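# Summary of the model geometry
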Amino acid sequence: MAVQEDQFKKVLSHAKEYGFVFQSSEIYDGLSAVYDYAQHGVELKKNIRDYWWKAMVQLHENIVGVDAAILMHPTTWKASGHVDAFNDPLIDNKDSKKRYRADVLVEDYCAKIEGKINKEVTKAAKRFGDSFDKDQFMATNPRVLGYQDKIKSILGRLAKSLENEDLADVKALIEELGIADPMTGSKNWTEVKQFNLMFGTQIGASAENSTQVYLRPETAQGIFVNFLNVQKTGRMKIPFGIAQTGKAFRNEIVARQFIFRMREFEQMEMQFFIKPGTQKEWYEHWKKTRLAWHLSLGMGEENYRFHDHEKLAHYADAAADIEFQFPFGFKELEGIHSRTDFDLSQHEQFSGKKLQYFDPQENKSYVPYVVETSIGLDRMFLAVFSNSLIEEQLENGSTRTVLKLPPVLAPYKVAILPLVKKDGLPEIAKEIVADLKWDFNTFYDEKDAVGKRYRRQDAIGTPFCVTVDHQTLEDQTVTLRHRDSMDQERIAISDLRQIIGNLVSMRMWLKKCES
Ligand code: GAP
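What you see is a predicted model; the values in this text were computed from it and never measured. (Residues numbered from 1 in each chain as written. Predicted model: local features only at pLDDT ≥ 70, side-chain atom pairs only at ≥ 80, totals over all residues. Heavy atoms only, no water.)

### What about helix H15 (residues 450-460)?
To keep things clear, this is the line we draw: Categorising residues by exposure relies on relative accessible area from a 1.4 Å probe, with only protein chains included: less than 20% of the type maximum marks a residue as buried, more than 50% marks it as exposed, and the intermediate range marks it as partly exposed. Secondary structure elements follow DSSP: runs of H or I no shorter than four residues count as helices, runs of E no shorter than two count as strands, and numbering proceeds from the N terminus.
All of the buried residues in H15 are Val450, Arg453, Tyr454, Gln457, Asp458, Ala459 and Ile460. Backbone geometry just after H15 places glycine 461 at a positive phi near 85 degrees.

In structure tokens, the structure reads:
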């Protein structure tokens, strides 16, 4: 646990120190759970978005994109169920006056029990050495089994109480478990109440004429209300998908874990419209396809797992999360939801307009079913960033901090460094920049010793450094240094574009989704 917290602290400070993420309006002490992307962060974020967009839209001839507005007609949110049902159960501590999500207090309690299981595993692994079989230990050790049963029974009761809207039982559970305010230790709790997560605002010039609108809490509804427009103008045939990336807003109460849970964040969503009755098959298809996209980035198969939902949202007949091992444990990164015809039917009912598809093969019209894939761009950023941040012990006894980003996502693909600031080397280096910048984001740096410059590039994840030295003047070759291995090779300037291009091309990386 302490190691994980330590790693998370390093992630936070590295993100700030190296220009990836800043707290919003920091000079005014920040705004809780709102963040700004800095000069390097904005590049990484854009590359992740592009990687998703290419995989989903460019590589699927039956998926097209839209960019719907953040503000939508307020009835949208009545129809979608968000006005009535997009709530979190909250509890206040009467002594500290702090507010918490009741379900998160219970989940955190279970995470502590999970920590005890991990301790047992670590102890046993030490005791048994090489012959240790973790799976067998987890399945047979009485203490571990006891802890697992406890977690299952607590989470089972929580899920049931929330499903039945039995908020009194959620409070009773908190009291029975002896859960205290994490800040003060007080157990003096209020009742649990539901709290809507949507941000409301007004449209209109005067108080009398204003209309209550909401900042969208998900991008999906902008796709649903445009379903027929896109289908007709694009002459789309079912099955087909509509993809969108964009901001979403939620008044999250648990404002912590950095960009994991934000009040303003970005989603990358795709709604796949299908024939009713085929949803199981497409749900499995998209689970597999999305996992393959994640694995293509090479961040370790062991860091992903599926979590099938037992408690389903009001719109779904099946749902699963792709969870990722963040520095604070396995948590939801992406959701795949079989949303039935819930949304389109609701919009038909509330708008009075037909949202149906005429199926020429079936010779009839129907409201399509939908399978959705929904991933938070900021969460994906955190997954990539935290997984890539490594502290390495080098053979000479020193340590180096290196951000081993998948090269396809790195903010800069190559840094061009003249060995010294004289003898015509900067001029050649700048010529190389002037050529390569048409293909890649490049970085020019001539300040400090070259070793120091390499480390600066390691820290922002640049996969290649090119050093121009005196030999370059004679034979038009440069040193190409590889970030991860620190290997250096001598190559011709004229070969740079192709060598770098091969290793950072989206084509090469996205092809891995197919295998
Ligand atoms: N349209 C379905 C939908 O919005 P969701 O499970 O609520 O489903 C989908 O959200 C994804 O959006 C999550 O898996 C997560 O990656 C991201 N997400 C949700 N709330 C977030 C928040 N407050 N901050 C950052 N990302 C968030």
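### Points about the pattern of salt bridges
Which entries qualify depends on this criterion: We define a salt bridge as a side-chain nitrogen of Lys or Arg found within 4 Å of a carboxyl oxygen belonging to Asp or Glu.
Under the criterion given, the structure shown has 33 salt bridges. Residue glutamate 191 pairs with lysine 171 through a salt bridge whose shortest N-O separation is 3.3 Å. Highlighted residues: glutamate 191 in the loop between helix H8 (167-176) and strand E6 (193-196) and lysine 171 in helix H8, separated in sequence by 20 residues. The buried category is assigned to lysine 171, whose relative accessible area is 12%.

### So, the sheet that holds strand E22 (residues 477-482)
The line we're drawing: Paired strands, as defined in this entry, are two strands with at least two bridges between them according to DSSP. Geometry is summarised by axes, namely lines fitted to C-alpha atoms with helices restricted to the contacting stretch, and by angles between N-to-C directions that run from 0 to 180 degrees. In what follows, a contact means two residues having at least one pair of non-hydrogen atoms within 4.5 Å.
Spatially, the five strands line up as an open sheet ordered E20-E19-E21-E22-E23, and their pairing is mixed. If you trace the sheet from one side to the other, it starts and ends with strand E20 (442-444) and strand E23 (488-492), each paired once. Pairwise comparison of adjacent strand axes, ignoring direction, gives a mean angle of 25 degrees for this sheet. Pairing of E22 with E23, which is carried by five bridges, proceeds in the antiparallel orientation. Each bridged residue has a counterpart across the sheet, and for leucine 480 the counterpart in E23 is glutamate 489. In this fold H15 packs onto strand E19 (414-418), E20, strand E21 (464-468), E22 and E23, with an angle of close to 170 degrees to the strand it touches most, E19. Against the sheet, helix H17 (residues 496-504) touches E19, E21, E22 and E23, its axis set at about 165 degrees to E21.

### Details of the packing of aromatic side chains
The way to describe two aromatic rings as a pair is by their centre distance and the angle between their planes. As a reminder of what qualifies: Each pair of aromatic rings taken from Phe, Tyr and Trp, with Trp reduced to its six-membered ring, is defined by centres within 6.5 Å and is described as stacked if the planes are under 30 degrees apart, edge-to-face if over 60, and tilted in the remaining cases.
Per the stated rule, a full pass over the model turns up 23 aromatic pairs. Between phenylalanine 326 and phenylalanine 328, the ring centres sit 5.5 Å apart and the planes meet at 5 degrees, which makes this aromatic pair stacked. Just as phenylalanine 326 is buried, phenylalanine 328 falls in that class too. Their ring planes at 15 degrees and their centres at 6.0 Å tell us that phenylalanine 381 and phenylalanine 385 sit as a pair that is stacked. One end of the pair, phenylalanine 381, and the other, phenylalanine 385, are both in helix H13 (residues 377-388), four residues apart, so they sit about a helical turn from each other. One aromatic cluster is present, formed by Phe8, Phe260, Tyr304, Phe324, Phe326 and Phe328 through successive ring pairs.

### Regarding the environment of serine 32
Structurally, the position occupied by serine 32 is in the loop between strand E1 (21-23) and strand E2 (35-37). Spatially, the C-alpha atoms of serine 32 and serine 485 are 39 Å apart, while their sequence positions differ by 453 residues.

### Looking at the site of the ligand
Rules: In this text, near means that some heavy atom of the residue lies within 4 Å of the molecule or strand in question. Distance and chemistry together define a polar contact, namely a pair of N or O atoms within 3.5 Å, with one atom able to donate a hydrogen and the other to accept it when in protein, and with adjacent residues in sequence counting only for side-chain atoms on both sides. Note on areas: Shrake-Rupley, 1.4 Å probe, and residue coverage restricted to the protein chains presented here. In this count, Pro and Cys sit with the nonpolar residues alongside Ala, Val, Leu, Ile, Met, Phe, Trp and Tyr, while Asp, Glu, Lys and Arg are called charged and the others, Gly among them, polar.
Close to the ligand lie 21 residues; Glu218, Met262, Glu269, Glu332 and Glu372 are nearest. Note that an oxygen atom of the ligand is positioned 2.8 Å from one of the side-chain N or O atoms of arginine 250. In this structure, a nitrogen atom belonging to the ligand sits 2.8 Å away from a main-chain N or O atom of methionine 262. Within the complex, the protein chains bury 93% of what would otherwise be the 560 Å² of accessible surface of the ligand. Taken together, the residues of the shell around the ligand sort by class into six nonpolar, five polar and ten charged.

### Notes on the sheet that holds E6
Picture the strands of a sheet paired through backbone hydrogen bonds; they go either parallel or antiparallel. The three strands lie next to each other as E5-E4-E6, forming an open sheet whose pairing is antiparallel. Because the sheet does not close on itself, it has two edges, and the strands there are strand E5 (99-101) and E6. Here the average twist between neighbouring strands, direction ignored, is 50 degrees. Sheet analysis places strand E4 (residues 87-92) next to E5, joined by three bridges and oriented antiparallel. Directly across from leucine 90, in E5, lies its bridge partner arginine 101. Running at roughly 70 degrees to E5, helix H5 (residues 102-128) makes contact with E4 and E5 of the sheet.

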